[in-house]
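Tertiary structure, described
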Amino acid sequence: MMLVEETSVPTEALPVQEFRDHLRLGSGFSDDTLQDSVLESFLRAAISAVEARTGKVVFQQTFVWTVYGWRRGTGQGLPVAPVSELLDITLEDAQGNAVVVASSAYRLVSDANSPSFKSTSGTLPSLPRDGSAAVRFVAGFGPDWGNVPADLRQAVLLLAAHYYEFRQETTLSEGCMPFGVVSLLERYRPMRLSAGGVA
């Protein structure tokens, strides 16, 4: 399986000014924006870390997810959340010949934690021998910082500030996420299902 971002988060969507205020950096000077590219890089790093820890996409983006077999014949869970739109599913054989599956053959099952799609006719279309399926979908809380839940916004700012404060560190001695960030992310932690229930 492989998940690829088709679109990236535009710079103007990032809360650079809010992050600058969070760090209590000086303002009113001609070089106020001198560090913006550095602040942006720490914000992007923090967002990536939060997304990796939670399985939640902060800003709305388009993804392509390539799979080589369905986990269940009747439906398939998606790797991240929240998912707002399932754009298309393309089947490709070993020779590179591609066929787009009719959108009437499946439907998105929205879920804040475990979104999926299901067949509308009983079973999902069979994948070609040695072939794959490319699933394109839109995931994320929204296009703007204000669409992101408040606790995730705070976690991103805290973690970005941690990266900023320890930017000279070359070792992992301070490597774990700060406790405050972990606490904010705890309720978003993906649940794993085992034979006996939730793990």
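Here the structure is a predicted model, which means the values were calculated and not measured.

**Some words on the pairing of strand 7 (residues 116-119)**
Direction of pairing for strand 3 (residues 75-77) relative to strand 7: antiparallel, over a ladder of three bridges. In the sheet register, Gly77 faces strand 7, and the bridge partner there is Ser116.

**Brief notes about the sheet that holds strand 6 (residues 106-109)**
Taking strand neighbours across the sheet as the criterion, the three strands line up as 3-7-6 in an open arrangement whose pairing is antiparallel. A single partner strand is all that each edge strand has here, and the edge strands are strand 3 and strand 6. Averaged over all pairs of adjacent strands, the angle between strand axes in this sheet comes to 20 degrees, irrespective of strand direction.

**Looking at the nonpolar core**
Formed by 29 residues in total, the largest nonpolar core has its most connected members in Phe19, Leu43 and Phe59. Breaking this core down by element, the ones donating at least two residues are helix 1 (16-23), helix 2 (36-54), helix 3 (150-165) and helix 4 (179-185). Ranked by the residues each element gives to this core, the list is headed by helix 3, at eight residues. Residues contacting Leu43, with those up to four places away along its chain left out, are Leu14, Pro15, Val16, Phe19, Val156, Leu157 and Ala160. Within the second largest apolar cluster, 20 residues are counted, among which are Val57, Trp65, Ile89 and Ala133.

**Quick notes on the side chain of Thr66**
Residue placement: Thr66 occurs in strand 2 (residues 61-67). Excluding its chain neighbours within four sequence positions, the residues that come into contact with Thr66 are Met1, Met2, Ser132, Ala133 and Ala134.

**Focus: the packing of helix 1 against helix 3**
Contact pair helix 1 / helix 3: the axes reach a minimum separation of 10 Å and the direction vectors enclose 65 degrees. The element helix 1 and its partner helix 3 pack so that their crossing is right-handed. Residues Glu18, Phe19, His22 and Leu23 of helix 1 lie in contact with helix 3, whose contacting residues are Gln154, Leu157, Leu158, Ala160, Ala161, Tyr164 and Glu165. Its residues assigned to classes, the contact of helix 1 with helix 3 shows seven nonpolar, two polar and two charged.

**Some points on the environment of Ala105**
Positionally, Ala105 belongs in the loop between strand 5 (98-100) and strand 6. In this structure Ala105 comes out as partly exposed when scored by relative accessible area, which is 21%. In this structure Ala105 touches Lys118, Ser119 and Thr120, once residues within four positions along its chain are discounted.

**Some words on the packing of aromatic side chains**
Scanning the model with the defined rule gives five aromatic pairs in all. Between Phe63 and Phe137, the ring centres sit 5.7 Å apart and the planes meet at 20 degrees, which makes this aromatic pair stacked. One end of the pair, Phe63, is in strand 2; the other, Phe137, is in strand 8 (residues 132-139), and 74 residues separate them in sequence. Each member of the pair Phe63 and Phe137 is classed as buried. Ring plane angle 85 degrees and centroid distance 5.7 Å describe the contact between Trp70 and Phe117, whose orientation is recorded as edge-to-face. On the criterion of sequence distance, the pair formed by Trp70 in the loop between strand 2 and strand 3 and Phe117 in strand 7 is long-range, its members being 47 residues apart. When sorted by exposure, Trp70 lands in the same class as Phe117, which is buried. Three or more aromatic residues joined by ring pairs make a cluster, and in this case those are Trp70, Tyr106 and Phe117. Looking at Arg167, its charged tip hangs above the ring of Tyr164, at a distance of 4.1 Å from the centre.

About the cut-offs
- Residues numbered from 1 in each chain as written.
- Predicted model: local features only at pLDDT ≥ 70, side-chain atom pairs only at ≥ 80, totals over all residues.
- Heavy atoms only, no water.
- Pairing = 2+ DSSP bridges.
- Helix = DSSP H or I, 4+ residues; strand = E, 2+ residues; numbered from the N terminus.
- Axes fitted to C-alpha atoms, helices over the stretch in contact; angles between N-to-C directions.
- Core = buried A, V, L, I, M, F, W, Y, C linked by side-chain atoms within 4.5 Å.
- Buried < 20%, exposed > 50% of the residue type's maximum accessible area, 1.4 Å probe, protein only.
- Contact = heavy atoms within 4.5 Å.
- Left-handed = near helix turned anticlockwise from the far one by under 90°.
- Nonpolar A, V, L, I, M, F, W, Y, C, P; charged D, E, K, R; others polar.
- Phe/Tyr/Trp six-rings, centres within 6.5 Å; stacked < 30°, edge-to-face > 60°.
- Lys NZ or Arg CZ within 6 Å of the ring centre and 35° of its normal.

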